[in-house]
Amino acid sequence: MNLYKLITMSFKNIKMNKKKTGLTIVGIVIGIASVITILSIGEAYKSNTIKQISGDYGEEIKLSITLVSDFEGKVGSETFNSNDINLINQIYGVKSAKLESDTEGISKYISISIFGEIFNGDIELIDSGYYNLIKGRNITQQDNINKSRCITLTKSFLEGMKNIQIDTIIGQVAVINGITFEIVGLVDDSEEYYSDISIPTNTYNEILSDIKVNQILKVTLHEDAEVGIVTREIEEILNKYGSNRELGSYYIQNSIESIELIKSIVESLTWFTVVVASISLFVSAIGVMNMIFTSVSERKKEIGIKRAIGAKKSDITNEFLIEGCIITLIGGGIGYIIGILNSIIIGMIVKMQVIPSVFIGCIALIISIVVGILSSIIPAKRAAEINTIDLLY
């Protein structure tokens, strides 16, 4: 019996049992839709996260260079200079290198001097404080209006300073960019993260807005660059000729490492969730198997007549296998469409772009075929093995 006839007969049998077939298909639809939704959202999240890490929508390789100090963080605000940039730009494979100076953001790194010792800390601009305090007071709205030269410091920031007594820090003077500030509050950051230094926004904009905070050097490589070789060469040159080489070591983080880490984490979580969602597919497969078993029982005489007029065991087996696969393929197709629509709607809600992929479509197709075969093979084999005489009487 040829394939076309088997498929035609399978469709006829499915039409004869519309209610049973419909309920079975619904189970497949739910299982496939769940898996496709999870996979699509996972792929979209991975893609969006990678784009955020790489900084754009291209395939460029980006490196972030920072200076790790060996001397209690005593690095000036000029971590890199034009000489460092020129050295890096001369390296083969480097497309561009530029300093990131965050003078407009809310949080920045800055140098501060307390009792003659210089330290680096991140500074936050606030209109009024809301922190949990150990001593002193928060910055008030009046401080911001008056452009008062006052700051608050966190406990963990001060604990890194060997010669500073935390108990007597309130009322002491700190120097930022040659300008004195009164320390008015000590912030408790033991349970929640706060910036090391807080300062009234208007005060900062009035007297410190011209500070350049060059803490990170962004390097973009050509697409065909050997990342490992270029990274080692940049580190060697900066550690040998860098402007602040005597203060510590230069550390390079490339976007590929971050991207690969994000990929592995998201993929692991996605596939774990898919496995959990696949429980519904397992239940659906049991439903398909039950339907095929029922169909075999109801069509014993039909099978017997086919065997009597020359149908082979393989023909009977293939007929039921095809019937099971058709059911799961229909359910898989509908489930794929619903899953993609679900993921697009979820993407719109969380503002994340979801694009249907061929890969996910292939997964839906493969799952449908595998479920169809596995759930139909046992009843199909049993139908073929029943004695012809038993089938007719």
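Note: the structure precedes this text.
Residues numbered from 1 in each chain as written. Predicted model: local features only at pLDDT ≥ 70, side-chain atom pairs only at ≥ 80, totals over all residues. Heavy atoms only, no water.

(A) Seen up close, the overall build of the protein. Across its full length, the protein holds twelve helices and eleven strands. Within the protein, buried positions represent 44% of all 393 residues. At a minimum sequence separation of 6, the contacts of the protein that also span at least 24 residues come to 80%. When the accessible surface of the protein is totalled, it reaches about 21,100 Å², and 58% of it is carbon and sulfur. (Helix = DSSP H or I, 4+ residues; strand = E, 2+ residues; numbered from the N terminus. Buried < 20%, exposed > 50% of the residue type's maximum accessible area, 1.4 Å probe, protein only. Contact = heavy atoms within 4.5 Å. Areas by Shrake-Rupley, 256 points an atom, 1.4 Å probe, with all protein chains shown as cover.)

(B) Quick look at the environment of I303. Position of I303 relative to the elements: it lies in helix α9 (residues 300–308). In sequence terms I303 and I316 are 13 residues apart; their C-alpha atoms lie 7.3 Å from each other.

(C) Expanded view of the nonpolar core. Ranked by internal contacts, the top residues of the largest apolar core, which has 26 residues, are I32, V35, I316, F320 and I367. Among residues more than four places away in sequence, those in contact with F320 are I292, S295, V296, R299, I303, S376, A380 and A383. In terms of nonpolar packing, the next biggest core, distinct from the first, is built from 22 residues, L153, I169, A174 and I199 among them. (Core = buried A, V, L, I, M, F, W, Y, C linked by side-chain atoms within 4.5 Å.)

(D) The arrangement of the environment of V274 in detail. Structurally, V274 is set in helix α8 (residues 255–298). Sequence separation of V274 and I38 is 236 residues, and the distance between their C-alpha atoms is 6.6 Å. Ignoring anything within four residues of it in the chain, the contact list for V274 reads V35, I38 and L39.

(E) A look at the packing of α9 against helix α10 (residues 313–349). Relative to each other, α9 and α10 sit at 140 degrees, their axes nearing to 10 Å. The two elements α9 and α10 meet at a crossing, and its hand is right-handed. Facing α9, whose interface residues are E302, I303, K306 and R307, α10 presents K313, I316, E319 and F320. A breakdown of the residues in the contact of α9 with α10 according to their chemical character gives three nonpolar, no polar and five charged. (Axes fitted to C-alpha atoms, helices over the stretch in contact; angles between N-to-C directions. Left-handed = near helix turned anticlockwise from the far one by under 90°. Nonpolar A, V, L, I, M, F, W, Y, C, P; charged D, E, K, R; others polar.)

(F) Representation of the packing of aromatic side chains. Going through the model one piece at a time under the given rule, you end up with one aromatic pair. Taken together, a centroid distance of 4.8 Å and an interplanar angle of 55 degrees make the contact between Y130 and Y131 tilted. Judged by relative accessible area, which is 56%, Y130 ranks as exposed. Residue classification places Y131 among the buried positions, given a relative accessible area of 5%. (Phe/Tyr/Trp six-rings, centres within 6.5 Å; stacked < 30°, edge-to-face > 60°.)

(G) Region of interest: the pattern of salt bridges. Under the definition given, this model contains two salt bridges. Across the pair R137 and D143 runs a salt bridge, and its minimum N-O distance is 2.7 Å. Using a relative accessible area of 35% as the deciding quantity, one classes R137 as partly exposed. Ionic pairing is found between K147 and E206, a salt bridge with its closest N-O pair at 3.1 Å. Within this pair, whereas K147 is found in the loop between α4 (141–146) and β6 (150–154), its partner E206 is found in helix α6 (residues 201–207), the two being separated by 59 residues in sequence. By relative accessible area, which is 39% here, K147 ends up partly exposed. (Salt bridge = Lys/Arg side-chain N within 4 Å of Asp/Glu carboxyl O.)

(H) Structural context of helix α11 (residues 358–385). Here α11 spans 40 Å end to end across 28 residues, near enough to the 40 Å set by a 1.5 Å rise per residue. Maximal helix bending in α11 amounts to about 40 degrees, located at I377; proline P379 follows within four positions. (Expected span 1.5 Å × (residues − 1). Bend = angle between axes of the 7 residues up to and from the residue.)

(I) Focus on α10. In this model, α10 (37 residues) spans 53 Å end to end at C-alpha, consistent with the 54 Å of a helix rising 1.5 Å per residue. Note on α10: the residue one or two positions beyond its end, K351, has a positive phi of about 60 degrees.

(J) Examining a nonpolar patch on the surface more closely. On the surface, L3, I7, F11, I330, I334 and I338 cluster together to form a nonpolar patch covering roughly 470 Å² of accessible area. Secondary structure elements with two or more residues in the nonpolar patch: α1 (3–16) and α10. Among the secondary structure elements, I334 is positioned in helix α10. For I334, a relative accessible area of 38% translates into the label partly exposed. (Patch = residues over 30% accessible without salt bridge, like charges linked within 9 Å, V, L, I, M, F, W, Y side chains within 5 Å.)

(K) Fine view of the environment of G116. Looking at where G116 falls in the secondary structure, it is placed in the loop between β3 (107–114) and β4 (117–126). On the accessibility criterion, G116 (66% relative accessible area) is exposed. For the pair G116 and A174, spaced 58 residues apart in the sequence, the C-alpha separation amounts to 8.9 Å.

The values reported here are purely geometric and, on their own, carry no functional implication.
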